[in-house]
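Descriptive structure summary
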Amino acid sequence: MQPCLCEVIQLLAALAALLVVLYQIIIIAHVTAKKMPNLHRSEEEKYFISDNGAKERFPSIHDTPTKDLTVVVPSYNEETRLPVMMAEALEFLQKRQKAQPSYSYEFIIVDDGSKDKTTEVALDYSKRYGSDKVRVLTLTKNRGKGGAVRMGVLVSRGKTILMADADGATKFQDIENVEKELERLKPWPDNMAISCGSRAHLEQESIAKRSMFRTFLMHGFHFLVWFLCVRGVRDTQCGFKLFTREAALRTFSALHVDRWAFDVELLYIAQCLKIPVAEVAVNWTEIEGSKLVPFWSWLQMGRDLLFIRLRYLSRAWKIDTTGKLN
């Protein structure tokens, strides 16, 4: 039976309404976009405490690297979980340095406007191991995880830069697998490459422990990431990513998103710049004290994913990789 004229008119009206809503969303995404990444620092954020207790200015990622590895640890209210992660990471890197005396590393612990004693705990490591190995960057106000990582990355001295969560959910020794995967990507175009730790291999096991609602949210988020922004990376959100210095400079200088969805924009930028990206399985354990509130955080990330895509499509955001801290 052929559809009547009224049904055709209703269908066209519904499509027109949908287009109007989509157009309004695009306008909102464009108008509300901050055109440039937030690279501004307060005067206090430009300095760290040196071994003699004096303030010393942070270097810049634009400088020549002087360390083999920088580990950037974003930390928000992590006075309890940070020591466990730092103990494991320092033990591993000290053993590596003992076996390879020429090997050098540093930690940049970024306190993202914490309300607890995160800075004091971090400074204790700086005092014990020296500010050449552990530096503390205390942000005057909370920027979000993406903003905290970016601030740490842009003052790093490493030839390679590892982003590692303060909760220690990923075993630090897995850096060896992530490093091997980074090496496998050679020759690096313009010395740029990224190796991402991944929990995708644990997905089926985690589904068995999750509620049906959380599983639905997870699959919905994965679909939106694939549909809107990033393809070829199954787990964009694992907080264990290794960058060559040049890749970190170019991606983080262009990063706009400061909160949970920043990993997705980061990898979107990498793919736009044709930076090779590898994904490697890592050991991961869920640690109590997560800052992620399941429903509202997923809702915010879903909105951010849509806005990331729309803002680049509408040219509200452009990939400018020349930005410098000020």
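For the protein, the name recorded in an unreviewed UniProt entry is Dolichyl-phosphate beta-glucosyltransferase, with Pelobates cultripes as its organism. The UniProt entry for the protein carries the following text under Sequence similarities (unreviewed entry): "Belongs to the glycosyltransferase 2 family." Under the heading Pathway (unreviewed entry), UniProt records this for the protein: "Protein modification; protein glycosylation."

**Details of the environment of M163**
Secondary-structure assignment places M163 in strand β6 (residues 158-164). Among the residues examined, M163 registers a relative accessible area of 1% and is labelled buried. Along the backbone, M163 and P74 are 89 residues apart, and their C-alpha atoms lie at a distance of 8.1 Å.

**Overview of helix α4 (residues 145-153)**
Count 3.6 residues to each turn of an α-helix, and residues three or four apart come out pointing the same way. For α4, the buried fraction is high: nine of the nine residues fall into the buried class. Taken together, the buried residues of α4 touch β3 (67-75), β4 (105-111), β5 (134-138), β6, α8 (245-252) and α9 (262-272).

**Some points on the nonpolar core**
Grouped together as the largest cluster of nonpolar side chains are 49 residues, with contacts concentrated most on V153, C229, V230 and F252. Elements that contribute at least two residues to this core include exactly β4, α4, β6, β7 (194-198), α7 (212-229), α8, α9 and α10 (294-313). It is α9 that provides the largest number of residues to this core, a total of seven residues. Once you skip the residues sitting within four places of it in the chain, V230 turns out to touch V225, T236, V264, L267, Y268 and Q271. F92, L93, A164 and F172 belong to the second largest nonpolar core, which has 35 residues in total.

**Let's talk about the pattern of salt bridges**
In the structure shown here, the tally under the stated rule is 18 salt bridges. The partner of K46 in a salt bridge is E43, and the shortest N-O contact between them spans 3.4 Å. Look at K46 and you get buried, because its relative accessible area is 13%. In this structure E43 comes out as partly exposed when scored by relative accessible area, which is 48%. Two residues, E106 and R157, come together in a salt bridge whose shortest N-O distance is 2.9 Å. Taken together, the positions of E106 in strand β4 and R157 in the loop between α4 and β6 put the pair 51 residues apart, joining distant regions of the chain. Like E106, the residue R157 is buried in the burial classification. Salt bridges sharing common partners tie together K67, E106, D132 and R157.

Analysis parameters
- Residues numbered from 1 in each chain as written.
- Predicted model: local features only at pLDDT ≥ 70, side-chain atom pairs only at ≥ 80, totals over all residues.
- Heavy atoms only, no water.
- UniProt positions renumbered as here; feature names shortened; annotations may be inferred.
- Helix = DSSP H or I, 4+ residues; strand = E, 2+ residues; numbered from the N terminus.
- Buried < 20%, exposed > 50% of the residue type's maximum accessible area, 1.4 Å probe, protein only.
- Contact = heavy atoms within 4.5 Å.
- Core = buried A, V, L, I, M, F, W, Y, C linked by side-chain atoms within 4.5 Å.
- Salt bridge = Lys/Arg side-chain N within 4 Å of Asp/Glu carboxyl O.

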